[in-house]
Amino acid sequence: GLIKLNTNENPYPPSPAVARMLADFAAESLRLYPDPVCAALRARIAAQAGVGSENVFVGNGSDEVLRLVTRAFTRPGGAAAAFAPSYSLYPVLAAAEEVGYRTVPLADDFGWTEPPADLDASLFFLANPNAPTGVFYPLPAIESFCRRFPGVVLVDEAYVDFSGGRNALELAKKLPNVLVARTMSKSFSFAGLRIGWTIGSADLIGALYKLKDSYNVDRLAQALALAALGDWPWMEANARKIVATRERVAAELEKRGFRVVPSASNFLFVEPPAGRSAARLFADLREKKILVRYFPGGRTDNFLRVSIGTDAQMDAFFAAI
């Protein structure tokens, strides 16, 4: 009976082509190992992105991509960096590699903040749109930063399909130190399967292939991902529905006195009206079986992140408020 608005899952099902592939999948083939380099999937992604297969790495979700990037492009005694607040996995990955983690505090509006020239890191995680804020950073500012940053910049585009067609893919094509990462968990409704990829120069991609597990993406996931990527219009239609609901919810929350950070993602980062505590609202909504995300402490202490569900789910959210 829960309404889950806390993990940015897609409220709509994946393409019917996925269901057909699942029904037709030859279970007998599971006795065989999967393609260790995801050749067919890489070729499909490469064709859609306008790059070569040597420019694509496919991972067991984008989390594996981020983990391998951290291992490949930091060194003992070195550091990774990111904006603050940003994706909570980044410092966890740095800690796992036993490297430092530098942060660049965002401005009060959570918009683009130029990282300092003396940033001591060999890897910068740049989520765009950012999480948990949902803010989309201007591409010219990102390019300028990438050109002067001496290390690798990973542009994490987990939510980019909700941003109106804007993306940093061209930067990965023309700059040797830029990787662009994507996931199928959000816009493709694939959170229950683990498929992510990154695009960049052959040198950067080759470094990841030196480090990955032998068979990091299973046979079934590769087959279903190919089916989903073959029906791009379905994903885009779902994304448009989510964006329309997002805009409706944002306007309604603003009417009710919430501060709503401008979002280009499938969630909203909101501050309750004066006199209402985010922690208390989080707990009250949970009692009404509606789950949202609360990040206690620091800059995020009085904000909630609300995933965009169906219109009916969001109506239930308003009724609970």
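Located above this text is the structure these notes cover.
Residues numbered from 1 in each chain as written. Predicted model: local features only at pLDDT ≥ 70, side-chain atom pairs only at ≥ 80, totals over all residues. Heavy atoms only, no water.

**Details of the environment of Y137**
Mapping Y137 onto the fold places it in the loop between β5 (123-127) and α5 (139-148). Relative accessible area serves as the criterion here: at 0%, Y137 is assigned to the buried category. When the C-alpha positions of Y137 and L226 are compared, they lie 30 Å apart, and in sequence the two are 89 residues distant. Ignoring any residue separated from it by four or fewer positions in sequence, one finds Y137 in contact with F83, L106, F110, G111, W112, L126, A127, N128, N130 and I142. (Helix = DSSP H or I, 4+ residues; strand = E, 2+ residues; numbered from the N terminus. Buried < 20%, exposed > 50% of the residue type's maximum accessible area, 1.4 Å probe, protein only. Contact = heavy atoms within 4.5 Å.)

**Quick word on the packing of helix α3 (residues 62-73) against helix α4 (residues 89-96)**
Across the interface, α3 lies against α4 with an axial gap of 9 Å and an inter-helix angle of 45 degrees. As far as their axial angle goes, α4 and α3 are oblique. Seen along the crossing, α3 lies across α4 with a hand that is right-handed. Side by side, α3 and α4 meet where D63, L66, R67 and T70 of the first sit next to L89, Y90, L93 and A94 of the second. When its residues are assigned to classes, the contact of α3 with α4 shows five nonpolar, one polar and two charged. (Axes fitted to C-alpha atoms, helices over the stretch in contact; angles between N-to-C directions. Parallel < 35°, antiparallel > 145°, perpendicular 65-115°, else oblique. Left-handed = near helix turned anticlockwise from the far one by under 90°. Nonpolar A, V, L, I, M, F, W, Y, C, P; charged D, E, K, R; others polar.)

**Side note on the pairing of β5**
Within β5, five of the five residues are buried, which leaves the element mostly enclosed by the surrounding structure. Here β5 shows two buried faces, one formed by L123, F125 and A127 and the other by F124 and L126. In the sheet, strand β3 (residues 79-84) pairs with β5 via three bridges, with the strands oriented parallel. Bridged to A81 within β5 is F124. Of the strand pairs in this sheet, β5 and strand β6 (residues 152-156) are connected by five bridges, and their pairing is parallel. (Pairing = 2+ DSSP bridges.)

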